[in-house]
Amino acid sequence: MAAKEEDLVVARPEGLYCPPGDFYIDPWRPVARAVITHAHSDHARMGHAHYLAHTDSAGTLRTRLGSDIALQTLGYGEAIEHHGVRVSLHPAGHVLGSAQVRLEHGGRVWVASGDYKTEPDGTCMPFEPVPCDTFITESTFGLPIYRWPTQAALFAEIDAWWRANAEAGRASVLFCYAFGKAQRILHGVDASIGPIVVHGAVEPLNAVYRAAGVALPETLRVTDPGVDAALLKRALVLAPPSAQGTPWMRRFGNYADAFASGWMQLRGTRRRRGVDRGFVMSDHADWPGLQQAIAGTGASRVFVTHGSVAVMVRWLTENGLDAQGFKTEYGDEDDQGQGAATP
Ligand SMILES: [Zn+2]
Ligand SMILES: [Zn+2]
């Protein structure tokens, strides 16, 4: 199946391109006009002349790409018209400010999802199905083995692990991606168990979430007054995966460690990370979530951008949809790790 002349989004070397609107969605090469679904580094790159994103993405985009970027923002459901294409942003439930991009032109409606998660987590607006003819979906965890525990089950597990470590007098170091995952953990844990200490890569993102009105418990830095060996023995410590094995870890003495990622569903991954525990937690939809989201749009045509593209395309085709892959340069933030190596 080839691209059709009237397609509202086509794959170009620079990224996903809207021909009638003359703009790109999450382009990976510098372009004149970029619509950004969210501020993760594989979707929000440097060097575009003009950015359009959700209002709640302004903080993270400016933190990461510079305060001087030419940024225009929209609220959810708010629309603008550009070269006759009506553009609006809708909640994707992935991270703060994450949006699906709805394009309407000549009676057709396309939605590009960026990254999304269907279960609400309290740190961003929950995913909203947007009716469309053509849906562009991610497929990071597009295999039937991926099924996430509920938020309640996940946090009961994390709290029990932290509580047991605190009672045994050792720090609980939880490695997690600094933007999105860390704030979700902060929002969800039982902060009465003990103090919470965060790595220097995590705190600037906490500030952006707090400024957007997301409730996060008090967090300490290791350099804060009062943070001593006794306090650390009861603490939950959140650090990016890149902190693993660095001198920063030495201060925690005999600690327990864990990794929070969707990849933890695979036992081999857990072993490769070399941690005591794995918590199955992702800001992306699991297999049932992807199916539910795609069905919820009512789209008859689906493009799959990243993850398990071949499996998802086959599954959709077998279910009577017109599906194909789009080659992109998006990845999974949990596999990047190195992006947040500030001490
Ligand atoms: Zn993302
Ligand atoms: Zn992605």
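Worth saying up front: this structure is predicted, and the values here are computed from it rather than measured. (Residues numbered from 1 in each chain as written. Chains lettered and ligands numbered in written order. Predicted model: local features only at pLDDT ≥ 70, side-chain atom pairs only at ≥ 80, totals over all residues. Heavy atoms only, no water.)

K.L.:
Even after reading the chapter, I still don't get the coordination of the zinc ion (ligand 1), so can you show me in this structure?
P.N.:
Ideal values for angles at a metal depend on the geometry: 109.5 degrees with four tetrahedral donors, 90 or 180 degrees with six octahedral donors. The zinc ion (ligand 1) binds to the protein through His-38 (NE2), His-40 (ND1), His-94 (NE2) and Asp-115 (OD), with metal-donor distances spanning 2.2 to 2.3 Å. Here the zinc ion (ligand 1) is ringed by 4 donor atoms whose angles at the metal span 88 to 171°, and the overall shape comes out irregular. Metal-to-metal, the separation of the zinc ion (ligand 1) and the zinc ion (ligand 2) is 4.2 Å; Asp-115 coordinates the two. Within this pair, whereas His-40 is found in the loop between β4 (33–35) and β5 (50–54), its partner Asp-115 is found in the loop between β10 (108–112) and β11 (134–139), the two being separated by 75 residues in sequence. Relative accessible area serves as the criterion here: at 0%, His-40 is assigned to the buried category. Classification of Asp-115 as buried rests on a relative accessible area of 0%. (Donors = N, O, S within 2.8 Å, 3.2 Å for Na, K, Ca; no water. Tetrahedral: all angles 85-135°; square planar, octahedral: opposite > 155°, others 65-115°. Helix = DSSP H or I, 4+ residues; strand = E, 2+ residues; numbered from the N terminus. Buried < 20%, exposed > 50% of the residue type's maximum accessible area, 1.4 Å probe, protein only.)

K.L.:
Looking at this model, I keep getting lost on the sheet that holds strand β8 (residues 85–91). Mind explaining?
P.N.:
The strands making up a sheet associate through backbone hydrogen bonding, with each pair oriented either parallel or antiparallel. Ordered in space as β7-β8-β9-β10-β11-β17-β18, the 7 strands form an open sheet in which the pairing is mixed. Two strands bound the open sheet, and with one partner strand each, they are β7 (79–82) and β18 (322–325). Between one strand axis and the next, the sheet turns by 20° as a mean value, whatever way the strands run. Pairing geometry for strand β17 (residues 301–307) and β18, over 4 bridges, is parallel. Looking at β18, one finds that Phe-303 is bridged to Gln-324. Across the sheet, helix α7 (residues 287–297) lies against β11 and β17, angled at about 170° from β11, the strand it touches most. Strands β11, β17 and β18 of the sheet are contacted by helix α8 (residues 309–318), whose axis makes an angle of about 160° with β17. (Pairing = 2+ DSSP bridges. Axes fitted to C-alpha atoms, helices over the stretch in contact; angles between N-to-C directions. Contact = heavy atoms within 4.5 Å.)

K.L.:
Which parts of the structure should I look at to understand the coordination of the zinc ion (ligand 2)?
P.N.:
Protein coordination of the zinc ion (ligand 2) is provided by His-43 (NE2), Asp-115 (OD), Asp-115 (OD) and His-306 (NE2), with donor distances spanning 2.2 to 2.4 Å. Here the zinc ion (ligand 2) binds 4 donor atoms, and the angle range of 57 to 133° at the metal identifies the geometry as irregular.

K.L.:
Hey, could you run me through the packing of aromatic side chains in this one?
P.N.:
In this description, an aromatic ring pair is defined by two values, namely the gap between the centres and the angle between the planes. Summed over all chains, the structure comprises 16 aromatic pairs. Pairing Tyr-116 with Phe-135 gives two aromatic rings, centres 6.1 Å apart and planes at 55°, and the pair type is tilted. Taken together, the residues Tyr-116 in the loop between β10 and β11 and Phe-135 in strand β11 connect sequence positions 19 residues apart. Residue Phe-135 is classed as buried on the basis of its relative accessible area, which comes to 0%. The rings of Phe-141, Tyr-146, Trp-148 and Trp-263 are connected pair by pair, giving a single aromatic cluster. (Phe/Tyr/Trp six-rings, centres within 6.5 Å; stacked < 30°, edge-to-face > 60°.)

K.L.:
Help me out: how do you make sense of unusual backbone geometry in this one?
P.N.:
With the exception of glycine, most residues fall at negative phi, and the peptide bonds are largely trans. The backbone phi angle of Asp-26 is positive, close to 45°, even though this residue is not glycine. One can find Asp-26 in the loop between β3 (23–25) and β4.

K.L.:
Explain the sheet that holds β3 to me, please; I cannot follow it from the model alone.
P.N.:
Spatially, β1-β2-β3-β4-β5-β6 is the arrangement adopted by the 6 strands of the open sheet, whose pairing is mixed. The open sheet terminates on both sides in strands that have one partner only, identified here as β1 (10–12) and β6 (71–74). Ignoring strand direction, the axes of neighbouring strands in this sheet form an average angle of 35°. As paired strands, β1 and strand β2 (residues 15–18) are joined by 3 bridges and run antiparallel to one another. Its bridge partner lying in β2, Ala-11 is registered against Leu-16.

K.L.:
How do you make sense of the nonpolar core when you look at a structure like this?
P.N.:
Soluble, globular proteins show a tendency: their nonpolar side chains are buried together. Counting residues in each nonpolar core, the largest one holds 47 residues, and the members touching the most others are Leu-61, Leu-174, Ile-185, Val-189, Leu-236, Leu-238 and Phe-279. Contributions of two or more residues to this core are made by β5, α1 (58–65), α2 (151–167), α3 (181–188), β13 (196–198), α4 (203–211), β14 (236–239) and β15 (256–260). It is α2 that contributes the most residues to this core, 5 residues altogether. Residues from two domains meet in this core; each of domain 1 (10–145 + 284–337) and domain 2 (151–279) gives at least three. If we ignore the near neighbours within four places in the chain, the residues touching Leu-61 are Ile-36, Ala-39, Ala-44, Ala-53, Gly-66, Ile-69 and Leu-71. (Core = buried A, V, L, I, M, F, W, Y, C linked by side-chain atoms within 4.5 Å. Domains from an automatic or database assignment.)

K.L.:
What exactly am I supposed to notice about the side chain of His-306 here?
P.N.:
Along the polypeptide, His-306 turns up in strand β17. His-306 sits in the buried class, given a relative accessible area of 4%. Polar contacts involving the side chain of His-306 include one to the side chain of Thr-305, which spans 2.9 Å. (Polar contact = N/O pair within 3.5 Å; in protein donor to acceptor, adjacent residues only side chain to side chain.)

K.L.:
Would you explain the domain arrangement of the chain in this entry?
P.N.:
How large an interface is tends to be reported as the accessible area lost when its parts come together. Segmenting the chain into domains produces domain 1 (10–145 + 284–337) and domain 2 (151–279). Relative to domain 2, the C-alpha centre of domain 1 lies at a distance of 29 Å. Counting from both sides, the interface comprises 24 residues of domain 1 and, opposite them, 22 residues of domain 2. Taking both partners together, domain 1 and domain 2 bury about 2000 Å²; carbon and sulfur atoms supply 64% of that area. At the junction of domain 1 and domain 2, the tally comes to 1 salt bridge. Between Asp-121 and Arg-184 there is a salt bridge, and its shortest N-O distance comes to 3.6 Å. Split by residue class, the side of domain 1 that touches domain 2 holds 6 nonpolar, 10 polar and 8 charged. (Buried area = accessible area lost by both parts, 1.4 Å probe. Salt bridge = Lys/Arg side-chain N within 4 Å of Asp/Glu carboxyl O. Nonpolar A, V, L, I, M, F, W, Y, C, P; charged D, E, K, R; others polar.)

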